[in-house]
Amino acid sequence: MTQSSGSSTLPSGASVQDGNRPDTYYNSERQDVADLLPVSAQRVLEIGCGEGHLGRLLKSRGHYVAGLELVPEVAEIARGNMDEVFCGDIESAAMPWQPASFDALIMADVLEHMVDPWRILGSLSRLLAPGGFAIASVPNVQNYRVIRNLIRGRWEYTNSGLMDCGHVRFFTYAEIVRLFDGAGIEVVDRRCLYNRTLIRRILLALSFGKIEPYLVRQYLVVGKKR
(Lines give C-alpha, C1' and ligand atoms only; values in the text may rest on other atoms or scores of the structure.)
Protein backbone atom coordinates (compact mmCIF):
# COMPACT_ATOMS: atom_id res chain seq x y z
CA MET A 1 0.00 0.00 0.00
CA THR A 2 1.24 3.50 -0.85
CA GLN A 3 1.63 5.71 2.18
CA SER A 4 1.58 9.48 2.25
CA SER A 5 4.83 11.38 2.06
CA GLY A 6 4.60 12.67 5.65
CA SER A 7 4.30 16.32 4.68
CA SER A 8 4.10 18.68 7.64
CA THR A 9 1.07 20.47 6.15
CA LEU A 10 -2.19 19.42 7.76
CA PRO A 11 -5.28 18.86 5.61
CA SER A 12 -7.50 21.93 5.15
CA GLY A 13 -9.92 22.52 8.01
CA ALA A 14 -8.21 20.01 10.30
CA SER A 15 -5.47 22.13 11.88
CA VAL A 16 -7.54 22.67 15.06
CA GLN A 17 -6.95 19.00 15.87
CA ASP A 18 -3.16 19.52 16.06
CA GLY A 19 -2.10 22.20 18.47
CA ASN A 20 -1.41 22.96 22.13
CA ARG A 21 -1.72 19.29 23.06
CA PRO A 22 -0.28 17.68 26.20
CA ASP A 23 2.78 15.48 25.63
CA THR A 24 0.67 12.38 26.34
CA TYR A 25 -2.09 13.26 23.84
CA TYR A 26 -0.94 10.92 21.07
CA ASN A 27 0.78 8.14 23.02
CA SER A 28 -1.91 6.48 25.12
CA GLU A 29 -1.89 2.67 25.03
CA ARG A 30 -5.57 2.34 26.03
CA GLN A 31 -5.42 -1.04 27.68
CA ASP A 32 -9.13 -0.69 28.46
CA VAL A 33 -9.95 -0.46 24.75
CA ALA A 34 -7.60 -3.30 23.82
CA ASP A 35 -9.30 -5.61 26.31
CA LEU A 36 -12.61 -5.23 24.43
CA LEU A 37 -11.21 -6.57 21.16
CA PRO A 38 -12.22 -10.19 20.48
CA VAL A 39 -9.35 -12.60 19.95
CA SER A 40 -11.06 -13.73 16.75
CA ALA A 41 -10.60 -10.31 15.11
CA GLN A 42 -7.49 -10.98 13.04
CA ARG A 43 -7.37 -7.74 11.02
CA VAL A 44 -7.93 -4.48 12.88
CA LEU A 45 -8.21 -0.88 11.69
CA GLU A 46 -7.63 1.89 14.22
CA ILE A 47 -8.92 5.36 13.29
CA GLY A 48 -6.91 8.15 14.91
CA CYS A 49 -4.13 5.80 15.91
CA GLY A 50 -1.82 8.48 17.32
CA GLU A 51 1.71 7.17 17.77
CA GLY A 52 0.47 3.60 17.53
CA HIS A 53 0.89 2.46 21.13
CA LEU A 54 -2.49 0.74 21.20
CA GLY A 55 -1.66 -0.79 17.82
CA ARG A 56 1.64 -2.07 19.15
CA LEU A 57 -0.16 -3.71 22.07
CA LEU A 58 -2.62 -5.38 19.71
CA LYS A 59 0.21 -6.56 17.44
CA SER A 60 1.86 -8.20 20.42
CA ARG A 61 -1.37 -10.14 20.91
CA GLY A 62 -1.26 -11.48 17.37
CA HIS A 63 -3.55 -9.07 15.52
CA TYR A 64 -2.70 -7.42 12.19
CA VAL A 65 -3.19 -3.69 12.83
CA ALA A 66 -3.60 -0.88 10.30
CA GLY A 67 -4.05 2.73 11.31
CA LEU A 68 -5.24 6.11 10.08
CA GLU A 69 -3.71 9.25 11.58
CA LEU A 70 -4.28 12.91 10.74
CA VAL A 71 -0.99 14.46 11.91
CA PRO A 72 1.97 13.55 9.64
CA GLU A 73 4.67 13.65 12.31
CA VAL A 74 2.57 11.46 14.60
CA ALA A 75 1.74 9.05 11.78
CA GLU A 76 5.45 8.61 11.07
CA ILE A 77 6.02 7.45 14.64
CA ALA A 78 3.05 5.09 14.38
CA ARG A 79 4.58 3.37 11.35
CA GLY A 80 7.24 1.98 13.65
CA ASN A 81 4.60 0.42 15.89
CA MET A 82 1.91 -0.86 13.52
CA ASP A 83 1.70 -3.02 10.40
CA GLU A 84 0.60 -0.15 8.14
CA VAL A 85 -0.39 3.48 8.62
CA PHE A 86 -2.16 5.86 6.25
CA CYS A 87 -1.86 9.59 6.94
CA GLY A 88 -4.86 11.70 6.01
CA ASP A 89 -8.07 13.41 7.06
CA ILE A 90 -10.78 10.78 7.35
CA GLU A 91 -13.44 13.34 6.42
CA SER A 92 -11.94 14.08 3.02
CA ALA A 93 -9.32 11.46 2.04
CA ALA A 94 -10.22 8.31 0.12
CA MET A 95 -9.52 5.23 2.22
CA PRO A 96 -6.98 2.84 0.65
CA TRP A 97 -8.69 -0.32 1.90
CA GLN A 98 -11.28 -2.48 0.15
CA PRO A 99 -14.74 -3.27 1.60
CA ALA A 100 -14.84 -6.03 4.22
CA SER A 101 -11.05 -5.77 4.74
CA PHE A 102 -11.19 -5.80 8.55
CA ASP A 103 -12.68 -7.83 11.37
CA ALA A 104 -12.67 -4.93 13.82
CA LEU A 105 -12.66 -1.15 13.79
CA ILE A 106 -11.33 0.90 16.73
CA MET A 107 -12.20 4.56 17.28
CA ALA A 108 -10.72 5.64 20.59
CA ASP A 109 -11.78 9.26 21.23
CA VAL A 110 -12.17 10.25 17.58
CA LEU A 111 -15.90 10.34 16.71
CA GLU A 112 -16.39 13.57 18.64
CA HIS A 113 -13.63 15.21 16.57
CA MET A 114 -15.46 14.64 13.27
CA VAL A 115 -17.69 17.19 11.60
CA ASP A 116 -19.95 14.43 10.24
CA PRO A 117 -19.40 11.25 12.28
CA TRP A 118 -22.71 9.82 11.02
CA ARG A 119 -21.52 9.79 7.42
CA ILE A 120 -18.01 8.65 8.32
CA LEU A 121 -19.12 5.75 10.51
CA GLY A 122 -21.45 4.63 7.74
CA SER A 123 -18.51 4.62 5.33
CA LEU A 124 -16.23 2.87 7.80
CA SER A 125 -18.78 0.14 8.44
CA ARG A 126 -18.32 -0.95 4.82
CA LEU A 127 -14.71 -1.78 5.65
CA LEU A 128 -15.93 -4.32 8.22
CA ALA A 129 -16.54 -7.92 7.30
CA PRO A 130 -20.05 -9.22 8.12
CA GLY A 131 -20.30 -9.69 11.87
CA GLY A 132 -17.25 -7.46 12.40
CA PHE A 133 -16.85 -5.36 15.53
CA ALA A 134 -16.71 -1.60 16.04
CA ILE A 135 -15.17 -0.43 19.32
CA ALA A 136 -15.28 3.20 20.41
CA SER A 137 -14.58 5.37 23.42
CA VAL A 138 -16.72 8.52 23.48
CA PRO A 139 -16.85 11.35 26.05
CA ASN A 140 -20.20 11.78 27.80
CA VAL A 141 -21.62 15.30 27.52
CA GLN A 142 -24.25 14.37 30.14
CA ASN A 143 -21.54 14.37 32.82
CA TYR A 144 -22.49 16.49 35.81
CA ARG A 145 -19.44 18.75 35.41
CA VAL A 146 -20.62 19.85 31.97
CA ILE A 147 -24.15 20.43 33.26
CA ARG A 148 -22.86 22.33 36.30
CA ASN A 149 -20.83 24.66 34.12
CA LEU A 150 -23.77 25.22 31.78
CA ILE A 151 -25.91 26.26 34.74
CA ARG A 152 -23.17 28.76 35.54
CA GLY A 153 -23.21 29.99 31.95
CA ARG A 154 -19.83 28.44 31.13
CA TRP A 155 -18.82 26.33 28.12
CA GLU A 156 -15.05 26.38 28.39
CA TYR A 157 -12.77 24.34 26.14
CA THR A 158 -9.56 22.75 27.40
CA ASN A 159 -6.56 21.02 25.81
CA SER A 160 -7.91 17.56 26.61
CA GLY A 161 -10.73 15.79 28.43
CA LEU A 162 -14.50 16.23 28.26
CA MET A 163 -14.23 19.72 26.77
CA ASP A 164 -11.28 19.09 24.46
CA CYS A 165 -10.85 22.05 22.10
CA GLY A 166 -10.92 19.63 19.17
CA HIS A 167 -14.42 18.34 19.96
CA VAL A 168 -16.97 19.42 17.37
CA ARG A 169 -19.73 16.89 18.23
CA PHE A 170 -21.11 15.89 21.63
CA PHE A 171 -22.85 12.68 22.66
CA THR A 172 -24.92 11.11 25.40
CA TYR A 173 -25.14 7.33 25.51
CA ALA A 174 -28.49 7.35 23.69
CA GLU A 175 -26.97 9.36 20.85
CA ILE A 176 -24.01 6.99 20.61
CA VAL A 177 -26.44 4.11 20.14
CA ARG A 178 -28.31 6.12 17.51
CA LEU A 179 -25.04 6.87 15.71
CA PHE A 180 -24.06 3.20 15.60
CA ASP A 181 -27.54 2.09 14.58
CA GLY A 182 -27.52 4.48 11.64
CA ALA A 183 -24.33 2.80 10.40
CA GLY A 184 -25.84 -0.67 10.59
CA ILE A 185 -23.99 -1.55 13.79
CA GLU A 186 -25.75 -2.94 16.86
CA VAL A 187 -24.35 -1.98 20.26
CA VAL A 188 -23.79 -5.24 22.16
CA ASP A 189 -21.74 -4.06 25.14
CA ARG A 190 -20.79 -0.89 26.99
CA ARG A 191 -18.49 0.10 29.85
CA CYS A 192 -18.88 3.25 31.95
CA LEU A 193 -15.66 5.01 32.90
CA TYR A 194 -15.64 7.16 36.02
CA ASN A 195 -14.07 7.27 39.45
CA ARG A 196 -16.12 4.98 41.71
CA THR A 197 -15.68 6.65 45.09
CA LEU A 198 -17.53 5.50 48.18
CA ILE A 199 -19.95 8.42 48.09
CA ARG A 200 -20.73 7.72 44.44
CA ARG A 201 -21.39 4.06 45.17
CA ILE A 202 -23.83 5.11 47.87
CA LEU A 203 -25.56 7.56 45.51
CA LEU A 204 -25.79 4.87 42.85
CA ALA A 205 -27.43 2.48 45.29
CA LEU A 206 -29.87 5.10 46.60
CA SER A 207 -30.86 6.13 43.06
CA PHE A 208 -31.08 2.54 41.79
CA GLY A 209 -28.41 3.43 39.22
CA LYS A 210 -30.31 6.36 37.72
CA ILE A 211 -27.54 8.81 38.62
CA GLU A 212 -24.86 6.93 36.69
CA PRO A 213 -25.22 8.82 33.35
CA TYR A 214 -24.29 12.01 35.20
CA LEU A 215 -21.12 10.46 36.64
CA VAL A 216 -19.76 8.82 33.50
CA ARG A 217 -16.89 10.67 31.86
CA GLN A 218 -16.53 8.29 28.93
CA TYR A 219 -18.39 5.36 27.42
CA LEU A 220 -16.61 2.34 25.95
CA VAL A 221 -18.94 0.83 23.38
CA VAL A 222 -18.72 -2.41 21.44
CA GLY A 223 -20.88 -2.77 18.35
CA LYS A 224 -21.38 -5.63 15.91
CA LYS A 225 -22.09 -5.15 12.22
CA ARG A 226 -25.48 -6.51 11.24
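Residues numbered from 1 in each chain as written. Predicted model: local features only at pLDDT ≥ 70, side-chain atom pairs only at ≥ 80, totals over all residues. Heavy atoms only, no water.

### Remarks on the packing of aromatic side chains
As a reminder of what qualifies: Stacked, edge-to-face and tilted are the three classes for Phe, Tyr and Trp ring pairs, Trp counted by its six-membered ring, which pair at centre distances within 6.5 Å; planes under 30 degrees apart are stacked, over 60 edge-to-face, the rest tilted. Helix numbers and strand numbers start at the N terminus; a helix is a DSSP run of H or I with at least 4 residues, a strand a run of E with at least 2. The buried label goes to any residue with under 20% of its type's maximum accessible area, the exposed label to any with over 50%, and the partly exposed label to all in between, with areas taken from a 1.4 Å probe on protein chains only.
A complete count under the given rule lists 5 aromatic pairs for this structure. Taking 6.3 Å as the distance between ring centres and 75 degrees as the angle between the ring planes, the aromatic pair formed by F86 and W97 counts as edge-to-face. Highlighted residues: F86 in strand β3 (residues 84-87) and W97 in the loop between β3 and β4 (102-108), separated in sequence by 11 residues. Judged by its relative accessible area of 13%, F86 falls in the buried class.

### Details of the sheet that holds strand β1 (residues 43-47)
Filter applied, for reference: In this analysis, strands are considered paired if DSSP registers two or more bridges between them. Note on geometry: axes are lines fitted to C-alpha atoms, helical ones only across the stretch in contact, with angles between N-to-C directions running from 0 to 180 degrees.
The strand order across the open sheet formed by 7 strands is β3-β2-β1-β4-β5-β7-β6, and the pairing between neighbours is mixed. Bordering the open sheet on either side are β3 and β6 (185-193), each of which pairs with just one other strand. On average, each strand axis in the sheet is inclined to that of its neighbour by 15 degrees, with strand direction left out of account. In terms of strand pairing, β6 meets strand β7 (residues 218-225) through 8 bridges, oriented antiparallel. Pairing of C192 across the sheet is with Y219, part of β7.

### Describing the nonpolar core
Note the cut-off: Put simply, buried Ala, Val, Leu, Ile, Met, Phe, Trp, Tyr and Cys residues joined by side-chain atoms within 4.5 Å make one nonpolar core. We call two residues in contact whenever any of their non-hydrogen atoms come within 4.5 Å of each other.
If you look at the biggest cluster of nonpolar residues, it comprises 35 residues, and the most contacted ones within it are I47, M107 and F180. Elements with a contribution of two residues or more to this core: β1, β2 (64-69), β4, α4 (117-125), β5 (128-139), α6 (173-182), β6 and β7. For I47, the residues in contact, after removing those within four places along its chain, are L68, I90, L105, I106, M107, A108, V110, M114 and L124. In this structure, L36, A41, L58 and M82 belong to the second largest nonpolar core, which totals 23 residues.

### Quick look at unusual backbone geometry
Of note, R30 is a non-glycine position whose phi angle comes to about 55 degrees, a positive value. Along the chain, R30 turns up in the segment before α1 (31-34). By relative accessible area, which is 13% here, R30 ends up buried. At F208, a residue that is not glycine, the phi angle is positive and equals roughly 55 degrees. Assignment of secondary structure puts F208 in the loop between α7 (198-206) and α8 (212-215).

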